[in-house]
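Results of the structural survey
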Amino acid sequence: MGRLLDGLQAESEEAAAANPANVGSSSSASSQIREIREVQEVENQLRRQRLLALAASEGLAAALVYGQPEAELSLCDQLPEGGVRAYLRALDASNRIGSGLVPSGWSHRLDCAHCGPVWWHRGGSVLACPWCARHRAGKAFPRPIVTCRPCRHAKPDHINPYGGVGRCALEGARIHWPDQRHVCAEHKVGEMSDA
Ligand SMILES: [Zn+2]
């Protein structure tokens, strides 16, 4: 909208320069454009105030709102409060994932078929997750802690399967106690397969 008004203003000024007889009407057009700009500025300020208040109540940084272009924020005008809150949370989550940080409130372990155990806002198993793009790009990201006991790749100790040091079917050199807490990208919940 700003660019459109800039164009209109330039056109009215060009018209005034080309035809002195139009000076009166041109100046009236310029004044209307100024008024529209002022109304827009007030609307933008009110919109940002609303979004900043909602972001603060969600525990999100004000920079999240200030960092977005006006055109994108204006789409929130049509959303109910719940929708705007969801938008702000999604925006924050996207920014944090892009920086390799866990989004606030993501405290559950999710098992992704591509990434293995990852953080999410609820637990379960999925075929793809919000961390997949970062994983595909070979970038690091935080992972939840796991233990070998429930993993299908775990090869328990023959003599003391519940307390002895076991090995990993994927990499024999990897050894852990059954309940030793550690990070593992290949962790898979389920029964050990025969393969
Ligand atoms: Zn994933």
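Details of the structure are given in the entry above.
Presented here is an overview of the structure given in this document. (Residues numbered from 1 in each chain as written. Predicted model: local features only at pLDDT ≥ 70, side-chain atom pairs only at ≥ 80, totals over all residues. Heavy atoms only, no water.)

Describing the coordination of the zinc ion
For the zinc ion, the full set of protein donor atoms is Cys112 (SG), Cys115 (SG), Cys129 (SG) and Cys132 (SG), and the range of their distances to it is 2.3 Å. Bound by four donor atoms, the zinc ion shows angles of 103 to 118 degrees at the metal and therefore tetrahedral coordination geometry. Between consecutive donors of the zinc ion, the numbers of intervening residues give the motif C-x2-C-x13-C-x2-C. Assigned by exposure class, Cys129 and Cys132 land together as buried. (Donors = N, O, S within 2.8 Å, 3.2 Å for Na, K, Ca; no water. Tetrahedral: all angles 85-135°; square planar, octahedral: opposite > 155°, others 65-115°. Buried < 20%, exposed > 50% of the residue type's maximum accessible area, 1.4 Å probe, protein only.)

Considerations on the pairing of strand E1 (residues 108–112)
Looking at chain direction, E1 and strand E2 (residues 116–120) are connected through five bridges and run antiparallel. Paired with His108 across the two strands is Trp120, which belongs to E2. Linkage of E1 to E2, two consecutive antiparallel strands, is achieved through a turn of three residues. (Pairing = 2+ DSSP bridges. Helix = DSSP H or I, 4+ residues; strand = E, 2+ residues; numbered from the N terminus.)

Details of the sheet that holds strand E6 (residues 175–176)
Strands sit in the order E4-E5-E6 across an open sheet of three strands; the sheet is antiparallel. One side of each edge strand has no neighbouring strand; the edge strands of this open sheet are strand E4 (154–155) and E6. Pairing between strand E5 (residues 166–168) and E6: two bridges, direction antiparallel. Looking across to E6, one finds that Arg167 is bridged to Ile175.

Regarding the sheet that holds E2
As summarised here, the arrangement of the three strands in space is E2-E1-E3, forming an open sheet in which the pairing is mixed. At either margin of the open sheet sits one strand with a lone partner, and together these are E2 and strand E3 (124–126). Within the sheet, the average angular offset between the axes of one strand and its neighbour, ignoring direction, is 35 degrees. (Axes fitted to C-alpha atoms, helices over the stretch in contact; angles between N-to-C directions.)

Digging into the pattern of salt bridges
Counted under the stated rule, the structure contains 11 salt bridges. Note that Asp77 is salt-bridged to Arg47, the shortest N-O span being 2.8 Å. With Asp77 in the loop between helix H4 (70–73) and helix H5 (81–98) and Arg47 in helix H2 (residues 23–57), this pair connects stretches of sequence that are 30 residues apart. Classification of Asp77 by relative accessible area gives partly exposed; the value is 39%. Among the ionic pairs, Glu58 bridges to Arg89, the shortest N-O distance being 3.2 Å. Highlighted residues: Glu58 in the loop between H2 and helix H3 (63–66) and Arg89 in helix H5, separated in sequence by 31 residues. Residue classification places Glu58 among the partly exposed positions, given a relative accessible area of 23%. Arg89 gets classed as partly exposed once you look at its relative accessible area, which sits at 41%. (Salt bridge = Lys/Arg side-chain N within 4 Å of Asp/Glu carboxyl O.)

Quick look at the packing of aromatic side chains
What the rule picks out here adds up to two aromatic pairs. The interplanar angle of 80 degrees and the centroid separation of 6.3 Å between the aromatic rings of Trp106 and Trp131 together place this pair among those described as edge-to-face. With Trp106 in the loop between H5 and E1 and Trp131 in the loop between E3 and helix H6 (132–136), this pair connects stretches of sequence that are 25 residues apart. Classification of Trp131 as buried rests on a relative accessible area of 0%. Consider the rings of Trp131 and Phe141, whose centres lie 5.3 Å apart with planes at 20 degrees: the pair is stacked. Taken together, the residues Trp131 in the loop between E3 and H6 and Phe141 in the loop between H6 and E4 connect sequence positions 10 residues apart. The same class applies to Trp131 and to Phe141, which are both buried. Of the aromatic side chains, those joined through ring pairs into one cluster are Trp106, Trp131 and Phe141. (Phe/Tyr/Trp six-rings, centres within 6.5 Å; stacked < 30°, edge-to-face > 60°.)

Honestly, it's all geometry; don't read function into it.
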